[in-house]
Amino acid sequence: MIDNQTSMTYEQAQALFAAQSLPLTQSLYHQLQYYLKMLVETNQYMNLTAIVSPPEVWTKHFLDSAVVLRHLSLPLGASVIDVGTGAGFPGMVLGILRPDLHMVLLDSLQKRVQFLEEVKTLMGLANVACIHARAEQAGQSDQYREQFDLAIARAVAALPVLTEYCLPFVKVGGRFAAMKGPSETAADAEQVAQTLGGTLAGEIAYSLADAGQRKLILVEKTGHTQKQYPRRGDKIRKHPLV
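The structure reproduced in this document is the subject of the present report. Quantities reported herein were computed from a predicted structural model and do not represent experimental measurements.

It is worth spelling out the overall build of the chain at this point. Of the regular secondary structure elements, the chain holds ten helices and seven strands. A principal-axis box enclosing the C-alpha atoms of the chain has dimensions of 50 × 35 × 35 Å. When burial is assessed residue by residue, the chain has 55% of its 242 residues classed as buried. In the form shown here, the chain has an accessible surface area of approximately 10,600 Å², with 52% of it arising from carbon and sulfur atoms. Across the chain, the 22 positively charged side chains and the 22 negatively charged ones have centroids separated by 6 Å.

Here the focus is the environment of A151. Among the structural elements, A151 can be located in strand β4 (residues 148-153). Linking A151 and V219, residues 68 residues apart in sequence, is a C-alpha distance of 9.8 Å. For A151, the residues in contact, after removing those within four places along its chain, are I81, C166, F169, V170, R175, F176 and A177.

Attention now goes to the nonpolar core. Membership of the largest hydrophobic core comes to 55 residues, with the highest contact counts inside it found for F17, L24, L32, Y35, W58, F62 and M92. Of the residues forming this core, the biggest block, eight residues, is contributed by helix α2 (residues 26-43). Core analysis: the second largest hydrophobic core is formed by 32 residues, I81, I131, A138 and L162 among them.

Now for the packing of α2 against helix α6 (residues 110-123). Closest axis-to-axis distance for the α2/α6 pair is 11 Å, and the angle between their directions is 145°. Crossing geometry of α2 relative to α6 is assigned as right-handed. In this structure, α2 uses Q31, Y34, Y35, M38, L39 and T42 to contact α6, whose residues at the interface are F115, E118, V119, L122 and M123. Within the contact of α2 with α6, the residues separate by chemical class into eight nonpolar, two polar and one charged.

Rules used in this analysis
- Numbering of residues starts from 1 in every chain and runs along the sequence as written.
- The model is predicted, so local features are restricted to residues of pLDDT at least 70 and side-chain atom pairs to those at 80 or more, both for listing and for counting; the totals for chains, interfaces and linings are taken over all residues.
- To obtain the side-chain values, all non-hydrogen atoms of the structure were included, while hydrogens and water were left out.
- Counting from the N terminus, the helices are DSSP H or I runs at least four residues long and the strands are E runs at least two residues long.
- Under the scheme applied here, a residue whose accessible area is under 20% of the maximum for its type counts as buried, over 50% as exposed, and between as partly exposed, the area being computed with a 1.4 Å probe on protein chains only.
- Here the open area of atoms and residues is found with the Shrake-Rupley method and a 1.4 Å probe, where only the protein chains shown may cover a residue.
- Working convention for charge: Lys and Arg count positive, Asp and Glu count negative, and His plus the chain ends are omitted.
- Just so you know, the charge point we use is NZ for Lys, CZ for Arg, CG for Asp and CD for Glu.
- Every residue pair with non-hydrogen atoms within 4.5 Å of one another is taken to be in contact.
- Take the buried Ala, Val, Leu, Ile, Met, Phe, Trp, Tyr and Cys residues and link them wherever side-chain atoms come within 4.5 Å; each set so joined is a nonpolar core.
- Under this scheme, a helix contributes an axis fitted over its contacting stretch, all axes are lines through C-alpha atoms, and angles between N-to-C directions fall in the 0 to 180 degree range.
- Two helices crossing with the near one rotated counterclockwise from the far one by less than a right angle form a left-handed crossing, whereas a clockwise rotation gives a right-handed crossing.
- Classification used: nonpolar for Ala, Val, Leu, Ile, Met, Phe, Trp, Tyr, Cys and Pro, charged for Asp, Glu, Lys and Arg, polar for all others including Gly.

Dropping the structure here:
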C-alpha cells in the first residue's frame, strides 16, 4: 500500500510536471497513482524497482518518462516500442499520458510482462500491448521489424549495444531515442547507427529536480537495416558494433 504520509498530492504532482512544461490533468494523476499503487504492492514479492517512495517514483520514473513527450514530437497515432521496458518505464507512462499512441512494451522476463499485462487490463489501456520476447529475436520478426515510428529504451546497456537492439524495430523515417545519464555521448552511437541504417541526430540534455542530469540520444532511421542485424544477444554484448 502507498504510505499516505509520503504520497504525492495532485497539486504537488501538477507542479512537478509544470516545472518541465508538461500538463497533468486530475484524471491522468489518478491513473498514475493507480499504477503506482500496483507497482508498490507487486514490488513486495517481485523485484520490479529499487525506487518505491511515491515522491521518488513520481520524479525518477513518472516524470523521467513523461519528459520524453516534451522533447520528442510524436504525431497522433504514432507507433512506439519500449525495448527492455522493465516495470513499464517509459512505455506504460507514455501509454497512459498519450492514449492515441500505439504502445508496445517489450521485455524478456515473463514475470514483468505479466505485471504489465495486469496493469494494462485493470486500467483499460487498449492502446498498450505487452510482449514477452528477447529484443534480438523480436527484431528479426516480420511482426515487429521496421514497424515503429519510434523505438525508445531506458535499459541499462552501453549505447552501441542498445542501438543494435533497438534500431531494427524502427521504420525508415522513424527514430530511436536512448534515455541516458550524462556519461554517454551521441558519438558513442555514430558508427553503429551507420552500420544499421541510421544517422546520428544528436542529443538533448535536460535535468530533473532531485534526479540529476539526463539526456536523450537520437538516431534517425535513414535506410533499411541489413538482415543479419540484430545478431544473437551474446554476440551483441561481447562484440558490440563500433
